[in-house]
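For reference, the chains in residue letters:
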Amino acid sequence: MLGNAVVTGSTAPSPTEVELPTIEVPTYTNYGSLSLTSNYTIPSSDRTYGTIRVGTNQTLFVTGPANIVTTNLELRSGSSVLVDATNGPVTFYVLDDFVMHSNSQIRTLTFDPTAVTLNLLSDNVINPEVLVD
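Residues numbered from 1 in each chain as written. Predicted model: local features only at pLDDT ≥ 70, side-chain atom pairs only at ≥ 80, totals over all residues. Heavy atoms only, no water.

**Quick word on the pattern of salt bridges**
Side chains that differ in charge, positive against negative, can pair when their charged atoms come close.
Then comes step 1: Counting across every chain of the model gives two salt bridges.
Then comes step 2: Put simply, R53 and E74 hold a salt bridge, and the shortest N to O gap is 2.7 Å. Of this pair, R53 sits in strand β3 (residues 46–54) while E74 sits in strand β5 (residues 66–75); the two residues are 21 residues apart in sequence, bridging distant segments of the chain.
Then comes step 3: Classification of R53 as partly exposed rests on a relative accessible area of 35%.
Then comes step 4: Using a relative accessible area of 15% as the deciding quantity, one classes E74 as buried.
Then comes step 5: The shortest N-O distance in the salt bridge between R76 and E74 comes to 2.7 Å.
Then comes step 6: One salt-bridge network, held together by shared partners, links R53, E74 and R76. (Salt bridge = Lys/Arg side-chain N within 4 Å of Asp/Glu carboxyl O. Helix = DSSP H or I, 4+ residues; strand = E, 2+ residues; numbered from the N terminus. Buried < 20%, exposed > 50% of the residue type's maximum accessible area, 1.4 Å probe, protein only.)

**What about the environment of T86?**
Then comes step 1: Topologically, T86 is positioned in the loop between β6 (80–84) and β7 (90–94).
Then comes step 2: By relative accessible area, which is 67% here, T86 ends up exposed.
Then comes step 3: Separated by 21 residues in sequence, T86 and P65 place their C-alpha atoms 8.4 Å apart.
Then comes step 4: Side-chain polar atoms of T86 contact the side chain of D84, separated by 2.5 Å. (Polar contact = N/O pair within 3.5 Å; in protein donor to acceptor, adjacent residues only side chain to side chain.)

**Section: unusual backbone geometry**
Then comes step 1: Cis geometry is adopted by the peptide bond preceding P65, which originates at G64 and carries an omega value of 0 degrees.
Then comes step 2: By the element assignment, P65 lies in the loop between β4 (59–63) and β5.
Then comes step 3: The backbone of N103 sits at a positive phi, close to 60 degrees, despite the residue not being glycine.
Then comes step 4: When you line up the elements, N103 lands in the loop between β8 (98–100) and β9 (105–108).
Then comes step 5: For N103, a relative accessible area of 67% puts it in the exposed group.
Then comes step 6: Its identity as a non-glycine residue notwithstanding, F111 has a phi of 65 degrees, on the positive side.
Then comes step 7: Take F111: it is sitting in the loop between β9 and β10 (116–120).

In short, shape yes, function no, at least from these values alone.
Structure (structure tokens):
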């Protein structure tokens, strides 16, 4: 842990499995795919995208409240997704591939982790022959 991080309670593994609830993916207007070669802002809204690819050293700004459904989310090296949750949180639903390259980040402008949620619906394994438990 770095900085001022604090863990309370036990850090031991849970003795029992925890069943996570099924994620219900909402349906919104499809805006195609985004492949960013410059900074871009998604305004406060509910949207669906094919693939969102944030280019090297580029920034995707997302203004909340917003729900973003995307088939794939890829952050190239040094890229960022910055969430402005001043007016509400942002929730992402990633249906297939979720890839963060070196030095990429997803965070809120205030560093409040409760203002951004990532729902990953895939095992994120490129080779379907690999069995993930």
